[in-house]
Amino acid sequence: MTAASPSTPAEIAELLAFYASAGVDDALEDAPINRVAEAAAKSAERRPAERAPAAPRQEARPEGRTAPEQAPERVENPPAPLSGLDASTIPDAPARVRAAAAVPDEAQAAAARQLAASASTLDELRQHMAAFDGCNLKFTAKNLVFADGNPNADLMLVGEAPGRDEDLEGLPFVGRSGRLLDRMLAAIGLDRNSAYIANVIPWRPPGNRTPTPHETEICRPFIERQIELVNPKVLVNLGGPSAKTLLNTTEGILRLRGNWRVHTTASGIAIPAMPTLHPAYLLRTPAHKKLAWRDFLEVKAKLRTLE
Ligand code: URA
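All figures in this text were calculated on a predicted structure; none of them were measured in a lab.

1. Some words on the site of the ligand
- Every residue close to the ligand is listed here: Gly159, Glu160, Ala161, Pro162, Glu166, Pro172, Phe173, Ser177, Asn199 and His278.
- Contacts to the ligand include Ala161, whose backbone N or O atom sits 3.1 Å from a nitrogen atom.
- In the environment of the ligand, a nitrogen atom lies 2.8 Å from a nitrogen or oxygen atom belonging to the side chain of Asn199.
- With the chains in place, 92% of the 240 Å² that the ligand exposes on its own is no longer accessible.

Right under this line is the structure:
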């Protein structure tokens, strides 16, 4: 594959828009590498007998295309990598592209920490998050998914990240897994008037991909402050990512679930936390619903003791 370098601001903006929509948020190398050609070359090396029949196809290949048998190709005149561009200086780049080109880094996490700490109410926190441009996920999401339910509730549940339905409505857990979550809450006599629901990540990752550790670190101060401001009596971590992020553990959810842990807020408040299975997992693995049922009964009992 060869590619001409984008040279005009409009071409560079178009390339950045392509990167952003493809979910590219980090530059690993200074020059692009054609991984497809690399993989094809490796597999051809492993299967020499298959190389001969491939030769005629190579002749027919249009000029400029790479034969799989060739050595991995570095793109000639590669487009400038994301890290080598300061998109904020490109006058024609749309605002969302300019901002999306900001590669998440420690500075963004520090900015998020400062912003989150400065919010003294949930409304302020929501406004700060809506104005925050340091997480690339914001630029592919349609809405900020802040929370649903009652901020004065004794129980707060935290999931991983919004999906398509949540992104469209701007509310957490409104899709299929949300409907199951509603039934799980109803089973212990609760609903969205008596529980508060949020996510670790408030913007939908494109194509529902797993949020990167960078993105999680950038968003972590917001959910931690949200928990601190709600100050629930009991926290439920829905799924591994929520449990790992908020309980500072690397243990898998199947080992964690069903055992009380503690979430400690920045100001030192210790909140009992119950890690449990994510409703989306339960939809795929209904045999494990009984485990989540046990966890929810634990939560119900704990709330009773704290009344
Ligand atoms: N899964 C989550 O973790 N959160 C949502 O809001 C929806 C699905």
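2. Focus: the sheet that holds strand β1 (residues 148-149)
- With mixed pairing, six strands are arranged side by side in an open sheet as β1-β3-β2-β4-β6-β5. Since the sheet does not close on itself, it has two edges, and those belong to β1 and β5 (261-264), each with one partner.
- Pairing between strand β2 (residues 155-159) and strand β4 (residues 234-238): four bridges, direction parallel. Note that in β4 the partner of Met156 across the bridge is Leu235.
- Together, β2, β4, β5 and β6 (270-276) form the strand contacts of helix α10 (residues 240-247), whose direction differs from that of β4 by roughly 130°.

3. Some points on the side chain of Thr276
- By the secondary structure assignment, Thr276 is in strand β6.
- The buried category is assigned to Thr276, whose relative accessible area is 0%.
- Reaching out from Thr276, the side chain makes a polar contact with the side chain of Asp295 at a distance of 2.6 Å.
- Those residues in contact with Thr276, other than ones at most four positions away along the chain, are Val236, Asn237, Leu238, Gly239, Ile253, Arg257, Ala292, Asp295 and Phe296.

4. Section: the environment of Pro232
- Along the chain, Pro232 turns up in the loop between α9 (213-230) and β4.
- Residue Pro232 is classed as buried on the basis of its relative accessible area of 3%.
- Taking C-alpha positions, Pro232 is 9.1 Å from Pro272, a pair spaced 40 residues apart along the chain.
- Pro232 has contacts with Ala153, Asp154, Leu155, Met156, Ile227 and Ile271, leaving out every residue within four places of it along the chain.

5. Digging into the confidence of the model for the protein chain
- Across the protein chain, the average pLDDT comes to 79, with 66% of residues at 70 or higher.
- The low-confidence segment residues 47-94 (pLDDT under 50) makes 77 contacts with residues lying over four places distant or belonging to another chain.

6. A look at the nonpolar core
- The biggest cluster of nonpolar side chains holds 57 residues, and the ones touching the most others in it are Leu155, Met156, Leu157 and Leu185.
- Top element by residues in this core is α9. It accounts for six residues.
- Among residues more than four places away in sequence, those in contact with Met156 are Tyr196, Ala198, Ile223, Gln226, Ile227, Val230, Pro232, Val234, Leu235 and Val236.

7. Digging into a positive patch on the surface
- A cluster of basic residues, Arg176, Arg179, Arg183 and Lys289, forms a positive patch on the protein surface.
- Looking at the positive patch element by element, the count peaks at three residues for helix α8 (residues 176-187).
- Here Lys289 is to be found in helix α13 (residues 289-305).

8. Quick word on the pairing of strand β3 (residues 195-199)
- With respect to burial, β3 is a largely interior element, five of its five residues being buried.
- By the bridge criterion, two bridges tie β1 to β3 in an arrangement that is antiparallel. From the neighbouring strand, Asp148 faces β3, where its bridge partner is Ile197.
- Relative to β3, β2 runs parallel, the two being bridged by five bridges. In the strand pairing of β3, Leu157 is matched with Ile197.

9. As for the packing of aromatic side chains
- Considering all chains together, one arrives at one aromatic pair under this definition.
- Seen from their ring centres, Phe132 and Phe222 are 5.1 Å apart, and the 70° between their planes marks the pair as edge-to-face. Separated by 90 residues along the polypeptide, Phe132 in the loop between α6 (122-131) and β1 and Phe222 in helix α9 bring together distant segments of the chain. Each member of the pair, Phe132 together with Phe222, is buried.
- It is Lys302 that lies over the ring of Trp260; its NZ or CZ is 4.8 Å from the centre.

What counts and what doesn't
- Every chain is numbered independently, its residues counted from 1 as its sequence is written.
- Only residues with pLDDT of at least 70 are given local features in this predicted model, and only at 80 or more are side-chain atom pairs given and counted; all residues enter the totals for whole chains, interfaces and linings.
- Hydrogens and water are ignored here; the side-chain numbers use all heavy atoms of the structure.
- We call a residue near a molecule or strand whenever a single non-hydrogen atom of that residue lies within 4 Å of it.
- Any N or O atom pair separated by 3.5 Å or less is treated as a polar contact, with the protein-specific requirement of one donor-capable and one acceptor-capable atom, and with residues adjacent in sequence counted only for side-chain atom pairs.
- Areas reported as accessible are Shrake-Rupley estimates using a 1.4 Å probe. Residue values count occlusion only from the protein chains shown.
- Only strands joined by at least two bridges in the DSSP assignment are considered to pair.
- Each helix corresponds to a stretch of at least 4 residues labelled H or I by DSSP, and each strand to a stretch of at least 2 residues labelled E; elements are numbered beginning at the N terminus.
- Two residues qualify as a contact provided that any one of their heavy atoms is within 4.5 Å of a heavy atom in the partner residue.
- To get an axis, fit a line to the C-alpha atoms, keeping to the stretch in contact for a helix; angles then go from 0 to 180 degrees between the N-to-C directions.
- Burial classification: accessible surface area is computed with a 1.4 Å probe over protein chains only, and a residue below 20% of its type maximum counts as buried, one above 50% as exposed, and the rest as partly exposed.
- On a range of 0 to 100, pLDDT expresses the predictor's confidence in each residue.
- Throughout, nonpolar core names a set of buried Ala, Val, Leu, Ile, Met, Phe, Trp, Tyr and Cys residues whose side chains join them through atoms within 4.5 Å.
- Each patch is built from salt-bridge-free residues with over 30% relative accessible area, joining like charges within 9 Å and nonpolar side chains (Val, Leu, Ile, Met, Phe, Trp, Tyr) within 5 Å.
- A carboxyl oxygen of Asp or Glu within 4 Å of a side-chain nitrogen of Lys or Arg is what we treat as a salt bridge.
- Charged-residue counts in this description rest on Lys and Arg as positive and Asp and Glu as negative, His and the chain ends being excluded.
- For the purpose of locating charges, the reference atoms are NZ of Lys, CZ of Arg, CG of Asp and CD of Glu.
- Geometry of aromatic contacts follows a simple scheme: Phe, Tyr and Trp rings, the Trp one being its six-membered ring, pair when their centres are within 6.5 Å, and the pair is stacked under 30 degrees between planes, edge-to-face over 60, tilted otherwise.
- In this scheme, the term charge over a ring applies when either NZ of a lysine or CZ of an arginine sits within 6 Å of the ring centre and within 35 degrees of the ring normal.

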